[in-house]
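Chain residues, written in single-letter form:
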Amino acid sequence: MTKKYTIGVDYGTESGRAVLVSLEDGKEIADHVTPYKHGVIDEYLPESNLKLDYEWALQHPQDYIEVLQQSIPEVLQESGVHPDDIIGLGIDFTACTMLPVDKYGEPLCFHQDLKNNPHSWLKLWKHHAAQDEANRLNEIAETMGEQFLPRYGGKLSSEWMIAKIWQILNEAPEIYEQTDKFVEATDWVISKLTNNLIRNSCTAGYKSIWHKQEGYPSKEFFQALDPRLEDVTETKLRGEVVPLGTKAGELTEEMAALTGLQSGISVAVGNVDAHVSVPAMGVAEPGKMVMVMGTSICHLLLGDEEKHVEGMCGVVEDGIIPGFYGYEAGQSAVGDIFAWYVDQAVPDYVKIAANEEGIDVHQWLEQKAATYKPGESGLLALDWWNGNRSVLVDTELSGMLVGMTLQTKPEEIYRALLEATAFGTRKIVDAFHQNGVEVNELYACGGLPHKNKLLMQIYADVTNRPIKIADSFQTPALGAAMFGAVAAGKANGGFDTILDATKNMARIKDEVIQPIPENVSIYEKLFQEYTTLHDYFGRGENNVMKRLKSLRSKN
Ligand SMILES: Nc1ncnc2c1ncn2[C@@H]1O[C@H](COP(=O)(O)OP(=O)(O)O)[C@@H](O)[C@H]1O
Ligand SMILES: O=C(CO)[C@@H](O)[C@@H](O)COP(=O)(O)O
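By convention here, each chain's residues receive numbers from 1 onward along its written sequence. Here the convention is simple: chains get letters from A, ligands get numbers from 1, in the order in which they are written. Only residues with pLDDT of at least 70 get local features here, since the model is predicted, and only at 80 or more are side-chain atom pairs given and counted; chain-wide, interface and lining totals rely on the full set of residues. To get the side-chain values, all heavy atoms of the structure are used, and hydrogens and water are removed first.

From N to C terminus, the chain includes 19 helices and 21 strands. For 555 residues, the compact-globule estimate of 2.2 N^0.38 gives 24 Å, and the chain sits close to it at 23 Å. In terms of overall dimensions, the chain has a C-alpha envelope of 65 × 60 × 50 Å along the principal axes. We call a residue buried when its accessible area falls under 20% of the maximum for its residue type, exposed when it is over 50%, and partly exposed in between, using a 1.4 Å probe and counting protein chains only. When the 555 residues of the chain are sorted by exposure, 61% land in the buried category. Contacts spanning at least 24 positions in sequence make up 73% of the contacts within the chain whose residues lie at least 6 apart. In these tables, accessible area is a Shrake-Rupley quantity obtained with a 1.4 Å probe, and a residue counts as shielded only by the protein chains included in the view. With the model as given, the accessible surface of the chain reaches about 21300 Å², and the carbon-plus-sulfur share is 47%. All tallies of charge rest on Lys and Arg as positive and Asp and Glu as negative; His and the ends of each chain are not included. Every charge is mapped to an atom, namely NZ of Lys, CZ of Arg, CG of Asp or CD of Glu. In the chain, the 49 positive side-chain charges and the 80 negative ones have mean positions that sit 2 Å from each other. Secondary structure elements follow DSSP: runs of H or I of four or more residues count as helices, runs of E of two or more count as strands, with numbering from the N terminus. Two things to know: the radius of gyration comes from C-alpha atoms, and the globule rule equals 2.2 Å times the number of residues to the power 0.38. What makes two residues a contact is simply this: any of their non-hydrogen atoms within 4.5 Å.

Written out as structure tokens, the structure reads:
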């Protein structure tokens, strides 16, 4: 029998990538990245050039189709694998990345008469303009004693489905009215591939307040939010919710022509970039926290019971791997903070030096920063450049740096930013561990572990835990490919369960990053200082960050 393969497509914040994977051992045979033509739309709407408000972040749905059209033929060509030998396809996506569609499943922003309305567009996960709605939602849920609230760490984020839908209803009721369904982008792309619009239990559970036994919150709750939302789950959120690994359908003729794959191959239901990475790293038991480290970090953990942890994004039964409670937490900006510094605040001499040495600015700063000891710079930062999604769940918080003098160097600031994100992760690790959801080891994947060794050592030191690193550069895509193999099933050369796929296809490096004891003790002191600032600015004692943001929006 010839060797068989699957394809995973990972939809990130800036680009989508396809990876062709061997079923035998999970080895990646070929990969290809397609940057989104429109990128993140956060200033002006395409074509109309309409100015967007602060905190908006949209995307163009057509960019996702172009990823399929460009990257799948590329991986087929590069690998030389015959399309007959590809048995399945899976995708993963950022979430909650959602869009309104019409009764044919077409995005409303494709309608000529609606495209100039920003609310007809697809809202990216990091669209933060629904904070007022999220605040109201949390207040009402708390007053009504809603049982679901503790499952989401006590607060739902403005990044999620209901806050985003409510913002559309408040600001563009005509768009709400014309929406047949609100869907996650991951489910929408699957509907394009298979002609079947079906909801996956992962995004429904973590992002849309859906529960395996209880379904969505009651009509009374939605009525209390806004009488116009009373029926929202039966109308605009209607549709079957199915477990991860389910076959959504088969590749249509049209999509086969677009991608170069054979029509009829199995396509798995949509999945999330963070969650798919857990089986792809071979993690199939409690105690091992997977960190998907890129522009943001998502922290994923398995448990045997449902526990409630401050600020976690959610606990969902079967939300990551069937048979376990899946926990998710996260930081809304990590790599994005380093990118901000490099793009907006690094002096020219650094850029010139990096250029002369033939390395990028991150690498230059990392090399210099690595020569410092913990605490040596005298700097400390709060990692809230994109709000706080870890224990505080508040997108109105902002970044801060303390301790600068006339001697402060760019690499010291860079190091303080790396450390601040590690302290943010430590908050999350402690919140779980101290609430009975053990975190004994860390597993890291995503772009950052491969790009920045210093960062990973700082994470090991700050959390005082060993870190194992993914062997794959494309862990989410590998995970998506594994779910594609599960959708195909054993009878077709795939696997019957994701655990079977994990045994055969998951890969991590042999090298383990161990904490360095002398660094651990200094970071412990710095973490106490971080905690003091964190609570002072983040828990209401001094709301200066919120006051500044509100002054800004009045101008
Ligand atoms: N050497 C580096 N050190 C730290 N961060 C880096 C480095 N090079 C790039 N980055 C950051 O990595 C992030 C991209 O991570 P990646 O995992 O590739 O993307 P995504 O999160 O979109 O999947 C960007 O935010 C960028 O600023
Ligand atoms: O929030 C989630 C998953 O729940 C992520 O999709 C979101 O943070 C975006 O992740 P990336 O930084 O693009 O890897």
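Before going further, it helps to examine the site of ligand 1. Being near a molecule or strand, for a residue, means having at least one of its heavy atoms within 4 Å of it. The full set close to ligand 1 counts 15 residues, and T295, G335, G447, K451 and N452 are the nearest of them. T295 has a polar backbone atom sitting 2.8 Å from an oxygen atom of ligand 1. Pairing of N or O atoms within 3.5 Å defines a polar contact, subject to two protein rules: one partner must be a possible hydrogen donor and the other a possible acceptor, and residues neighboring in sequence count only if both atoms are side-chain atoms. In this structure, D336 approaches ligand 1 through a main-chain N or O atom, which is 3.3 Å from an oxygen atom. Bound to the protein, ligand 1 loses 82% of the 590 Å² it would expose on its own. Contributing elements (two or more residues each) for the shell around ligand 1: α10 (335–345) and α14 (448–451). Of all the elements, α10 adds the most residues to the shell around ligand 1, at four residues.

To define a nonpolar core, start from buried Ala, Val, Leu, Ile, Met, Phe, Trp, Tyr and Cys residues and group those joined through side-chain atoms within 4.5 Å. Counting residues in each nonpolar core, the largest one holds 67 residues, and the members touching the most others are M293, F338, L365, F432, Y459 and I467. Among the elements that line this core, the one with the most residues is helix α13 (residues 410–433), at 12 residues. Setting aside residues up to four positions removed in sequence, M293 forms contacts with A444, C445, G446, G447, L448, P449, L455, M456 and Y459. Counting residues in hydrophobic clusters, the runner-up holds 41 residues, among them L23, Y206, L302 and I320.

Below, the discussion takes up the layout of surface pockets. We place a 1 Å grid over just the protein atoms. Points where a 1.4 Å probe fits but has no way out form a cavity, open points with protein on both sides within 12 Å along at least 5 of 7 lines form a pocket, and any residue with an atom within 4 Å of a point lines it. Grid points are joined across faces, edges and corners, and a volume is the space filled by probe spheres set on the points. In this structure, the second largest pocket spans a volume of roughly 340 Å³. Listing elements by their share of the lining of the second largest pocket, those giving two or more residues are α1 (61–79), α5 (185–194) and α8 (253–259). Just so you know the grouping, Ala, Val, Leu, Ile, Met, Phe, Trp, Tyr, Cys and Pro go in nonpolar, Asp, Glu, Lys and Arg go in charged, and all remaining residues, Gly too, go in polar. Across the lining of the second largest pocket, the residue classes break down as eight nonpolar, six polar and seven charged.

Let us now look at the sheet that holds strand β15 (residues 314–317). The strand order β15-β16-β14-β13-β19-β20-β21 describes an open sheet built from seven strands, whose pairing is mixed. On the outer flanks of this sheet lie β15 and β21 (508–513), each paired with one strand and no other. Strand-to-strand twist in this sheet, taken as the mean axis angle between neighbours without regard to direction, amounts to 25 degrees. Here strand β13 (residues 287–293) pairs with strand β14 (residues 297–303) via four bridges, running antiparallel. Bridge pairing in β14 places V292 opposite C298. Angular values range over 0 to 180 degrees, each being the angle between N-to-C directions of two axes fitted as lines to C-alpha atoms, with helices fitted over their stretch in contact. Strands in contact with helix α9 (residues 273–280) are β13, β14, β16 (325–331) and β19 (439–445); relative to β14, the strand with the most contacts, it is inclined by about 55 degrees. At least two DSSP bridges between two strands are needed for those strands to be called paired.

This part covers α1. Taking 1.5 Å of rise per residue, the 19 residues of α1 would be expected to cover 27 Å, and the 28 Å separating its terminal C-alpha atoms lies within 8% of that figure. Burial in α1 covers these residues: P61, D63, Y64, I65, E66, V67, L68, S71, I72, V75 and L76. The span one expects for a helix is its residue count, reduced by one, times 1.5 Å.

What follows covers helix α12 (residues 361–369). Within the span of α12, buried status applies to V361, W364, L365, E366 and A369. Packing partners of the buried residues in α12 comprise α10, α11 (348–357), α13, α14 and α15 (453–463). Backbone nitrogen of H362 and a side-chain oxygen of the N-cap are separated by 3.1 Å at the start of α12; the cap is D360.

With mixed pairing, the six strands of this open sheet are ordered in space as β3-β2-β1-β5-β12-β11. The sheet is open, and its two borders are formed by β3 (28–35) and β11 (247–250), each paired with just one other strand. Taking the axes of each pair of neighbouring strands and ignoring which way they run, one obtains an average angle of 20 degrees across the sheet. Bridge analysis of strand β5 (residues 86–93) against strand β12 (residues 266–268) gives two bridges, and the strand direction is parallel. If you follow L89 over to β12, its bridge partner there is V267.

Before going further, it helps to examine the site of ligand 2. Surrounding ligand 2, one finds 13 residues, the nearest of these being T13, K207, T295, S296 and E328. Separating an oxygen atom of ligand 2 from a side-chain N or O atom of T13 is a distance of 2.6 Å. Within the side chain of D273, one N or O atom sits 2.9 Å away from an oxygen atom of ligand 2. Contact with the protein chains removes 94% of the 380 Å² of surface that ligand 2 exposes when unbound. Its residues assigned to classes, the shell around ligand 2 comprises four nonpolar, five polar and four charged.

In this section: the side chain of K126. Its location among the elements puts K126 in the loop between β7 (122–123) and α2 (131–143). Dropping the residues within four chain positions of it, K126 is found in contact with T13, V40, E55, A57, D336 and N386.

Take the pattern of salt bridges next. Counted as salt bridges are all cases of a side-chain nitrogen of Lys or Arg within 4 Å of a carboxyl oxygen of Asp or Glu. This model, assessed by the stated rule, comprises 33 salt bridges. K247 serves as the salt-bridge partner of E250, at 2.9 Å between the closest nitrogen and oxygen. A residue is classified by how much of its surface remains accessible, and E250, at 41% relative accessible area, is partly exposed. Look at K247 and you get partly exposed, because its relative accessible area is 34%. Several salt bridges share partner residues, and in doing so they unite E28, D471 and R507 into one network.

In this structure, C96 follows A95 across a cis peptide bond, with omega equal to -5 degrees. Mapped onto the fold, C96 is located in the loop between β5 and β6 (98–101). Located in the positive-phi region is N49, a residue other than glycine, with phi close to 60 degrees. Its identity as a non-glycine residue notwithstanding, D318 has a phi of 60 degrees, on the positive side. Here D318 is to be found in the loop between β15 and β16. On the basis of relative accessibility, which here comes to 16%, the residue D318 falls in the buried class.

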